[in-house]
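# Structural features, examined
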Amino acid sequence: MRKTVLSLIVILACGSAAAADTLKEFRGSGNMTTAIFTVESPWLLDWRLDADFESMVALDVTLVEAHTGRHVGRVLHTKRIGNGLKLFEEGGQYQLRISSTLARWSFKVQQIKPEEARLYTPRGED
């Protein structure tokens, strides 16, 4: 029974991940403002942070409106290697303003369906 439940959880997790449509992907290190991306509500930001050192790593990410430069809000602030997901309920044209120290980062902007957003559980946030 336990094996069946675990198998079902894995299948559901894989099915859910496959349903997300990756619209844009950004990779790099250091500081930058990404290219403009357009999303509809709801959407996810799938992030990963890696580094050669465990300490002295930092990542700070804010979301800005693409054409006005208006600061929408802080998306992420961490001083640890890791990964996570962040759900957004408003669509639009945006850019990510990324500031990092001694780190390599990657972000995937993923379009999801409203029914998928209801299943969302935040993870990897400080």
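Since the structure is predicted, the reported quantities are computational estimates derived from the model, not experimental observations. (Residues numbered from 1 in each chain as written. Predicted model: local features only at pLDDT ≥ 70, side-chain atom pairs only at ≥ 80, totals over all residues. Heavy atoms only, no water.)

## Brief notes about the overall build of the protein chain
- Assigned secondary structure in the protein chain consists of two helices and nine strands.
- In the protein chain, the order of α-helices and β-strands from amino to carboxyl end is α-β-β-β-β-β-β-β-β-β-α.
- Within the span of the protein chain, comprising 126 residues, buried residues form 36% of the whole.
- Expressed as a percentage of contacts within the protein chain between residues at least 6 apart in sequence, the contacts between residues at least 24 apart total 83%.
- Accessible area for the protein chain stands at about 7800 Å²; split by element, carbon and sulfur atoms hold 55% of it. (Helix = DSSP H or I, 4+ residues; strand = E, 2+ residues; numbered from the N terminus. Buried < 20%, exposed > 50% of the residue type's maximum accessible area, 1.4 Å probe, protein only. Contact = heavy atoms within 4.5 Å. Areas by Shrake-Rupley, 256 points an atom, 1.4 Å probe, with all protein chains shown as cover.)

## Quick notes on the environment of Gly69
- Tracing the sequence through the fold places Gly69 in the loop between strand E5 (58-65) and strand E6 (71-78).
- Exposure remark for Gly69: the relative accessible area of 37% places this residue in the partly exposed category.
- Residues Gly69 and Tyr94 lie 25 residues apart in sequence; the distance between their C-alpha atoms is 8.8 Å.
- Excluding residues that lie within four positions of it along the chain, Gly69 makes contacts with Val64 and Arg97.

## Some words on the sheet that holds strand E9 (residues 104-111)
- Reading across the sheet, the four strands line up as E1-E9-E4-E7 and stay open at both edges, with antiparallel pairing between neighbours. What marks the edges here is a single partner per strand, and that holds for strand E1 (21-29) and strand E7 (82-88). Within this sheet the neighbouring strands show an average axis-to-axis angle of 15°, counted without direction.
- Note: E1 against E9, eight bridges, orientation antiparallel. Counterpart to Gly28 in the pairing with E9 is Trp105. (Pairing = 2+ DSSP bridges. Axes fitted to C-alpha atoms, helices over the stretch in contact; angles between N-to-C directions.)

## Describing the side chain of Gln110
- With respect to the element layout, Gln110 can be found in strand E9.
- Side-chain polar atoms of Gln110 contact the side chain of Thr22, separated by 3.5 Å.
- Each residue touching Gln110, except ones within four places of it in the same chain, is listed here: Ala20, Asp21, Thr22, Trp43, Leu44 and Asp46. (Polar contact = N/O pair within 3.5 Å; in protein donor to acceptor, adjacent residues only side chain to side chain.)

## What about the nonpolar core?
- In terms of nonpolar packing, the biggest core is built from 22 residues, with Phe37, Trp43, Leu96 and Phe107 touching the most fellow members.
- At the level of elements, strand E3 (37-39), strand E4 (43-50), E5, E6, strand E8 (92-101) and E9 are the ones that each hand at least two residues to this core.
- The element best represented in this core is E4, accounting for four residues.
- Apart from the residues within four sequence positions on either side, Phe37 is in contact with Lys24, Phe26, Trp43, Leu63, Gly92, Gln93, Tyr94, Gln95, Leu96 and Val109.
- Leu85, Leu87, Ile112 and Tyr120 belong to the second largest nonpolar core, which has seven residues in total. (Core = buried A, V, L, I, M, F, W, Y, C linked by side-chain atoms within 4.5 Å.)

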